[in-house]
Every structure is written in structure tokens, then in C-alpha cells.
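Coordinate inspection notes
Below, each chain spelled out in residue letters.
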Amino acid sequence: MGALITEPPKEGRVESLPLIDVSGLRSNDSLRLREVADEIGMAAREIGFFRIIGHGIDLDLVERTYQYAQYFFAQPDAFKRRYYIGLSTNHRGYVPFTEKGDYPDEVSRSYEAFDLGLDLPDDDPDYLAGNRLLGPNVWPDVAGFKQVVSSYYNQISVLGRLISTALETHLGLPPGTMTQHMSKPISQLRLLHYVRDQEIEDTSVNMGAHTDYECLTLLHTRNAGLQVMTAQDRWIDVPVDHSAYVVNIGDMLEAWTNGQLRSTPHRVLNLSPERFSMPYFVAANHDTMIQPFPQLLGQEPAGYKPFRAGAHLERMLVRDFPYLRDPRRGELSKNHPGIENPFEQRMNQSSK
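Residues numbered from 1 in each chain as written. Predicted model: local features only at pLDDT ≥ 70, side-chain atom pairs only at ≥ 80, totals over all residues. Heavy atoms only, no water.

It is worth spelling out the overall build of the chain at this point. A count of helices and strands for the chain gives 8 helices and 14 strands. Burial status across the chain gives 55% buried among its 352 residues. Considering only contacts in the chain between residues 6 or more positions apart, those separated by 24 or more positions represent 77%. As presented, the chain carries roughly 15300 Å² of accessible surface, and 51% of it is formed by carbon and sulfur atoms. (Helix = DSSP H or I, 4+ residues; strand = E, 2+ residues; numbered from the N terminus. Buried < 20%, exposed > 50% of the residue type's maximum accessible area, 1.4 Å probe, protein only. Contact = heavy atoms within 4.5 Å. Areas by Shrake-Rupley, 256 points an atom, 1.4 Å probe, with all protein chains shown as cover.)

Before going further, it helps to spend a moment on the sheet that holds strand E8 (residues 226-229). The strand order E6-E11-E8-E9 describes an open sheet built from 4 strands, whose pairing is antiparallel. Looking at strand neighbours, the two that pair on one side only are strand E6 (205-210) and strand E9 (235-237), the edges of this open sheet. Sheet twist, expressed as the mean angle between neighbouring strand axes with direction ignored, is 25°. Summarising the sheet, E6 and strand E11 (residues 266-269) pair through 3 bridges and their orientation is antiparallel. Looking at E11, one finds that His 210 is bridged to His 266. (Pairing = 2+ DSSP bridges. Axes fitted to C-alpha atoms, helices over the stretch in contact; angles between N-to-C directions.)

Attention now moves to the layout of surface pockets. Roughly 370 Å³ of internal volume is contained in the largest pocket. Those elements giving two or more residues to the lining of the largest pocket turn out to be strand E14 (307-308), helix H7 (309-320) and helix H8 (345-349). Ranked by residue count, the leading element in the lining of the largest pocket is H7, at 3 residues. Here the residues of the lining of the largest pocket are counted per class, giving 7 nonpolar, 5 polar and 6 charged. (1 Å grid on protein atoms, 1.4 Å probe; cavity = no way out; pocket = protein on both sides within 12 Å on 5 of 7 lines; lining within 4 Å. Points joined across faces, edges and corners; volume = space filled by probe spheres on them. Nonpolar A, V, L, I, M, F, W, Y, C, P; charged D, E, K, R; others polar.)

Inspection of the secondary structure puts Ser 277 in strand E12 (residues 274-282). Discounting residues that sit within four places of it in the chain, Ser 277 has contacts with Tyr 66, Arg 190, Leu 191, Leu 192, Tyr 194, Leu 219, His 220 and Thr 221.

Right, let's talk about helix H1 (residues 30-46) for a bit. A rise of 1.5 Å per residue sets the reference length of H1, with its 17 residues, at 24 Å; its end C-alpha atoms lie 24 Å apart and thus fit the reference within 8%. If you check which residues of H1 are buried, you get Val 36, Ala 37, Ile 40, Gly 41, Ala 43 and Ala 44. Within H1, the buried residues cover an arc of 160° as seen down the axis, which keeps them to one side. On the buried face of H1, the contacting elements are strand E1 (19-21), strand E2 (49-53), helix H5 (145-171) and strand E10 (245-249). (Expected span 1.5 Å × (residues − 1). Arc of directions from axis to C-beta.)

Next up on the list: the confidence of the model for the chain. Of all residues in the chain, 87% attain a pLDDT of 70 or more, and the chain-wide mean is 88. This model gives residues 1-12 a pLDDT under 50, and the stretch forms 19 contacts once residues within four places in sequence are excluded. (pLDDT = per-residue confidence, 0-100.)

Taken as a whole and judged by the stated rule, the model has 4 cavities of 30 Å³ or more. In terms of lining, the largest cavity is formed by 33 residues, of which the most central are Arg 190, Met 207, His 210, Asp 212 and Phe 281. At the level of elements, strand E4 (111-117), strand E5 (188-195), E6, strand E7 (216-221), E11, E12 and H7 are the ones that each hand at least two residues to the lining of the largest cavity. Across the lining of the largest cavity, the residue classes tally to 15 nonpolar, 9 polar and 9 charged.

We now examine the nonpolar core. Ranked by size, the top nonpolar core spans 94 residues in total, and within it Ile 40 and Leu 167 carry the most contacts. When residues in this core are grouped by element, the largest group, 11 residues, is from H5. With residues up to four places along the chain from it excluded, the contact list for Leu 167 reads Ile 40, Gly 41, Ala 44, Met 178, Leu 216, Ile 249, Leu 253 and Leu 261. (Core = buried A, V, L, I, M, F, W, Y, C linked by side-chain atoms within 4.5 Å.)

Of note, Arg 51 is situated in strand E2. Despite its burial, Arg 51 pairs with no opposite charge; the closest candidate is Asp 241, at 4.5 Å N-O. Those residues in contact with Arg 51, other than ones at most four positions away along the chain, are Leu 17, Pro 18, Leu 19, Ile 20, Pro 239, Asp 241, Tyr 245 and Val 246. (Lys, Arg positive; Asp, Glu negative; His and termini not counted. Salt bridge = Lys/Arg side-chain N within 4 Å of Asp/Glu carboxyl O.)

The final tally for this structure, using the stated rule, is 10 salt bridges. Arg 32 is the partner of Glu 35 in a salt bridge, and the nearest nitrogen-oxygen pair spans 2.4 Å. Note that Glu 35 and Arg 32 are positioned in helix H1 at a spacing of 3 residues, about one turn of the helix. Judged by relative accessible area, which is 44%, Glu 35 ranks as partly exposed. Relative accessible area serves as the criterion here: at 28%, Arg 32 is assigned to the partly exposed category. A salt bridge links Glu 344 to Arg 319, with the nearest nitrogen and oxygen atoms 2.9 Å apart. Of this pair, Glu 344 sits in the loop between H7 and H8 while Arg 319 sits in helix H7; the two residues are 25 residues apart in sequence, bridging distant segments of the chain. Of the two residues, Glu 344 and Arg 319, neither departs from the other in class, the shared state being buried.

Here's what the structure looks like:
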């Protein structure tokens, strides 16, 4: 499952990801805005992955965020486990190397993470009512960590909304069709640290093949290793460019658009001793009913059954996080075993 196919390109094949300058999305020129929105939309239709520049994110802030992530992950295990995600009530905090998901192709999985979301006050009514995806973040006792990472979260969330608005334009949807459902989103930011075992010599899989569960993912990465499955069920490498973001479509947006946009499988290989990345997952509000927009159906029947955004994310997190499968966590733990994501069927049926 590791090596790329290297025969000459054939007609219709995607061999690399589009690179799109999205600065025009901030233009007052409606024609320019529409042109960029259509570039984004066509990439989302053809492969579901693309890269963007001109995004407006402060690259110095990106670097400072990496520095804080790197500093935190370098701390002793006892310190990091003070912020263990299993101690939180709303899925926030440190994810240790031992918190392994259920992916059969993760031959040599070795990564840790720090997970954050929309930072709400501890008297937020949804949080007090027991919502497992909303509420306050867990912040480590590291001077400056909260301030820098919060600033980054704020900037990347604005970019996520901008791309979402562009897709509304491309799809011919009235403004706000999607974004009105993102007023209190279950969007997450992950600070990820992959470590390659010194004994690993091949390009084995570190993070198993999967789709993303939300609407969009905006990824910044420092190191190679990410691969994307094309429409021809082939794996291609995603290049690393510190000035660019990788963007991909997730499950919720595929269902919202009745399959016009693709939630594309991807994976991470063990290519370097260390790999750092920061994916931000653009999601809808917890109780949003995800079903194809009527404007996009035409004469076509709806190809997706309705589901609530929060329910889908919670169900898939149970697959990914063993601590959520603890019977003491009640109803959530009953979603296991044998959890499958219907949006990953194409990946599961294809030859690896």
C-alpha cells in the first residue's frame, strides 16, 4: 500500500493538486471573485483536494504556532498527560501516542496530538447540557500558548468561512446557505506530531486512509507524507509549500451537495523522523441537519440520507478514540464496535 504508480499520465488522470490564488475572494470585482470561486469549485468536483495561496493567514503566526506545538510535545509525558483528552468532558486536550484509532492499514502508527475547538465559556448552555463537542478548551500551563494558538484558530476559522462562501457562489446557492449553519460550529483544530520509529525502513502508513468528517479541512504542514486518492483510486503525493494551505472536501459537504463535491480519502506515510501539521476542520453547528440542498437536486433524487452534523462527528470519533469506547461514557460508547463511515466506501472497495 506504499509505493506510488509511476506509469505515464493518461487522459483524465489527476497527477498533481491544483494551486489556486484565492486573494481574489476578497476583491470588490464580482467577476474576479466568481472566477476564483469557480476554480475552487472545479477542483472540489474533480478530486476534492487543492492547494491555495493568497489566503491571508499570517505566516509568522503559523510559525509561532508550530513552535508552541513543538515545545509542548517535547515536554515529559507526565506533564502532557495532565491535559489528557480523556479527562475532558468535551473532547479537548492532549492525545497521546497510545490513543489509537481503528484503521487496519496503520502499519506503524506513531503520532500524538493536541485537539482544540471553538473556545466557549464554561457557562455555555450547550456545554452545561452535556454537549460533547462544545465548550471551553483545555489549555496547557505554557506561557503564551493560549494566546498564540487562539489567534491562529481565529484566523484559520475566518479563512474557512471565506472558502465556504466561495463554494456557495460556485454552486449557485444563495449567500449564507451553508454559512448560516456555522454560527456555533463544532470545528476542530489539531496540532499533530508524527514520529517515525527508527526501526521502520519502508514507507509504511502512519495515519490510516480515511475521509474527513466535516465540511472542509484547511491543512498546513511542514513535512512530506500526505497522500491523496484520485478518482482513479491511485495515491498521489501532496507537495509541501510553507506558503500554501492544502484544502479538501469532507463528508458533510459531500452530502450537502448531493455528491457534486467529493470527500476524498487520504493518508499519511512514514517518510521522515518527525512530521508536524495543523489541520483545521470546518464544520457545521452541532444540531444542523445535513441533507442535500434542494437547489442542487434538480431532477436528481437525493442520494444521501439526512444526518445531524454532531451525531456523525461523534460516531466517527468513537472509532478514532479508544477512550470514547469506555462503557462508563454511556450512550456514546455503544456506537462501537464495527463502526464504518459510508463516505469511505469507495476507498474500502478499491485496490490498495
